[in-house]
Amino acid sequence: MKFFLVLSFAVLISLSLAAKSRDSIPEEYKWNLKDLYPSVEVFKQKRAEFAKKIEKLAEFQGKLGESPANLKACLDAFFNLNRELDRLMTYVSLRADENLGNSENQKLKNETFNVARKFGEYASFIEPEIISIGEEKINDFIKQDKGLKLYELFLKRVLKGKKHILSKKEEALLAKTSMIADTAYQTYSILSYTDLPFPVVELNGEKVRLNQSAYTKWRSNPDIKIRNIVFPKFFGTYKSFENTYGTLLYSQVKKDWFYASAKKYNSCVEAALEPNEVPVKVYTNLIKVINENLPSLHRYLNLRKKMLGLKELTYADLYTPLVKSVDAKYTYKEAQKIIEDALKPLGKEYHTYLHRAFTERWIDVYPNDGKRGGAYSSGNAYDVHPYILMNYNDDYESLSTLAHELGHSMHSMFSNTYQPYVYSDYTIFVAEVASTFNENLLNHYLLTHTKDKKMKMFLLGHLLEGIRQTIFRQAMFAEFELEIHKKVEKGEALTGKDLSDLYLKIVRKYYGHDKGICKVDDLYAIEWAYIPHFYYNFYVYQYATSLIASTHLAQKVIHGDKKDVEEYLGFIKSGCSDTPINILRKAGADLETDVPFKTTMKVFNQTMDEIEKLLKEENK
Ligand SMILES: [Zn+2]
C-alpha cells in the first residue's frame, strides 16, 4: 500500500511565510486537481462507492487456498481497490496542503484516512492467508492459472516473510508491545523539543534562544566569534543531559534488538534492511569504502581551512559557506527553461513529460497564506499524473528544489507508465536517486553555462558541501549506529558516557583530529544526542547511498552515450519490479562494489582541482 507522499529530505513542515491569498494567484501557477476528480461532490460519491466495495473483500477470507481463480480474483480486487484509494488519498492530501488552516479540507482528509484504515483492516487477512497456503501450493496455482503470473513476484515477497512469522499467539503478544515500543523516542522528542533549557545568548546584538532552529541558522555565521559562542552553548546544553540521553538511546537500541531477535533475525541491521530487500553488505560496504576515502575528505577540510583563512580548522568551522552565496535570480519561467535544457540529455519522452508538468498544471508553484511549507512530489495517482508542491521563491535554492522534485515526479511518471500498478511504486531506498540525479545534471549544466567566476565558485562549493554532508557525515552516523547496535546485541550496556566516547572516536577519525586536520573538541562527543535519526532504525545510510548512486549515474549520462541514457531510463521505468539493488545494478550502479563510490570520489576531487585552479587565477 502506498498512500504516503514522498517528501524531500529537507522538507519543512512549517507554514509558508507568504502573505498572498490563494485566490490572488493566477490559475496557471496552481495545480489542477480536477484531473483527479472534477469536483468535491464527485470525489465524495467515489469515496462512498469505495467504502462499500471494500466490504466485499471479506467474501474471500478463508477461501484463497481453494483455487487459483479465488486467489486471483482476490488479488485483482485488492490491487484495484488500492489503486482507487491512492487516487482518493492524493486528492484529499493535496487539497489539505493548499491551506492547512482550511478545516473543511482537513476534515475531508481525516475522513478519508479513516476509510483507508478500514480498508487496511478488511485486507489484513490476505498476507497471512497466503503464507499459510505455502510456497508449494502457490507455485502450483501460478502454473495452473496464467493470470496469476502477474502476481508471482508479489506472492514471492509475501512468502519470504514466512521465516520471520511467529505463532499466532506470539504474534498477537508482539503486536501488543507496540503500545510501549515508542516510549524512548517520544521521551527523546519531548525532552529535545520542549523541555531542554536552551540558553538565551546575545548574537550580533540580538537576544536569541539557542534551540535547534537557531543553531542551524547561526552555526554557519561567517564571524568566528559568534560561532565560538553558538557551538559550546548549544552542545553544552545537551551535555548536561548526557545521562538521560544515554538511557534513552540505550533503551531504543534495546528495543530494536528485542524485535529483531524476537523475529528471528541475526542482527538489528539485518532486521531493518532485509524487509526492504537490501543486503547488509550494502551497508557495511558503504562504511568500508568511505573509511578508505577519508583522505579525500581531509583534502577538502584543508581546502576549507585555506579558503576561510583560518590558522586552525575546528568543528565549529564546518558550516560556514566557502563562498558567499550569490544572489542570482531565477524566475519560474527561467527555471523551466534551464531545467528543460539541463535534462535534455535524457531524450524525447522525458522531455515530453517534463513539458506536460509545466504546461498542464502538475505544479503548485508559489507560496500562499496557509499553504504547507517546503516541497514534495506526489506520484501516487497511478492513472493520472504526479503532482508537485513548491514554494517557489525566485532564487537558486528554489531552482534546485524544483529540479529535485521533478526527478521524483519523472520517476513516478515512467514507473507508472511502464509497470503494472502492483509494481509501480518505487522503494525509499531508490527514491532519492532520481531526485539528486537531477540536481547533479542541473549543477553540471549551470557550471558549463556560466562565465561568472563567483557563480562558478558558488556551484563548486555547493557540490563539495553536498558530498561532505550527505555522504561522509551520514556514513559516519551509519557507522556509529551500527556499532552501538552491535554492542547491545553482544549484551553490553551503554551509558551516556559510553556513547560519547564511541562517538568522539568515530568523529575524530572522520575529521582527521589526530592528523591535525580538523580539531574536534571533547564537547562535540555529545553530538549524537542532537541527532534524532538514531531513533529511525537504520535510515540515514540511504542518504549516502542515494547520492553515490545518482552521482555515478549522472556521470555516465554526462560523459557517456545513448546506452547510458537508456540504462538510466530503465532505472526510472522499473518501479519495484525487482529488488532495489538489482534495479540500480542494471542501470550501472552496483552498490555492492566500490565502482559508484570511486566515481563519486573522482567528482569530489575534480571539483577541488577546479576550485584550486580558480583560486590560483584569482591570485594572479
Ligand atoms: Zn526528495
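## Points about the side chain of R47
With respect to the secondary-structure elements, R47 resides in helix α1 (residues 40–55). Judged by relative accessible area, which is 12%, R47 ranks as buried. In this structure, R47 is in contact with L88, L108, E111, T112 and V115, ignoring residues within four places of it in sequence.

## A few points about the pairing of strand β3 (residues 206–209)
Along any regular strand the residues' side chains alternate between the sheet's two faces. In the sheet, strand β2 (residues 200–203) pairs with β3 via four bridges, with the strands oriented antiparallel. Across the sheet, residue V200 finds its bridge partner in β3, namely R209.

## Focus on the packing of helix α16 (residues 348–359) against helix α17 (residues 396–418)
A pair of packed helices is characterised by two quantities: the angle between their axes and the separation of those axes. It is at 10 Å that the axes of α16 and α17 come closest, and there the two elements cross at 115°. Considering only the axes of α16 and α17, their crossing is right-handed. Across from E349, Y350, Y353, L354, R356, A357 and F358 in α16, the residues of α17 making contact are L402, L406, G407, M410, M413, F414, T417 and Y418. For the contact of α16 with α17, the class distribution of residues is eleven nonpolar, two polar and two charged.

## A few points about the coordination of the zinc ion
Surrounding the zinc ion are the protein donor atoms H404 (NE2), H408 (NE2), E432 (OE) and E432 (OE), which sit 2.1 to 2.5 Å from the metal. One can describe the donor arrangement at the zinc ion as irregular, given that its four donor atoms subtend angles of 53 to 141° at the metal. The sequence motif formed by the donor residues of the zinc ion is H-x3-H-x23-E. Separated by 24 residues along the polypeptide, H408 in helix α17 and E432 in helix α18 (residues 428–448) bring together distant segments of the chain. When sorted by exposure, H408 lands in the same class as E432, which is buried.

## Thoughts on the domain arrangement of the protein
Here the protein is partitioned into domain 1 (31–166) and domain 2 (250–262 + 265–326 + 452–620). Summarising the inter-unit geometry, the C-alpha centres of domain 1 and domain 2 are found 37 Å apart. Listed per partner, the contact involves six residues of domain 1 and eight residues of domain 2. Of the roughly 510 Å² buried at the junction of domain 1 and domain 2 (both faces included), carbon and sulfur atoms supply 40%.

Definitions and cut-offs
Residues numbered from 1 in each chain as written. Predicted model: local features only at pLDDT ≥ 70, side-chain atom pairs only at ≥ 80, totals over all residues. Heavy atoms only, no water. Helix = DSSP H or I, 4+ residues; strand = E, 2+ residues; numbered from the N terminus. Buried < 20%, exposed > 50% of the residue type's maximum accessible area, 1.4 Å probe, protein only. Contact = heavy atoms within 4.5 Å. Pairing = 2+ DSSP bridges. Axes fitted to C-alpha atoms, helices over the stretch in contact; angles between N-to-C directions. Left-handed = near helix turned anticlockwise from the far one by under 90°. Nonpolar A, V, L, I, M, F, W, Y, C, P; charged D, E, K, R; others polar. Donors = N, O, S within 2.8 Å, 3.2 Å for Na, K, Ca; no water. Tetrahedral: all angles 85-135°; square planar, octahedral: opposite > 155°, others 65-115°. Domains from an automatic or database assignment. Buried area = accessible area lost by both parts, 1.4 Å probe.

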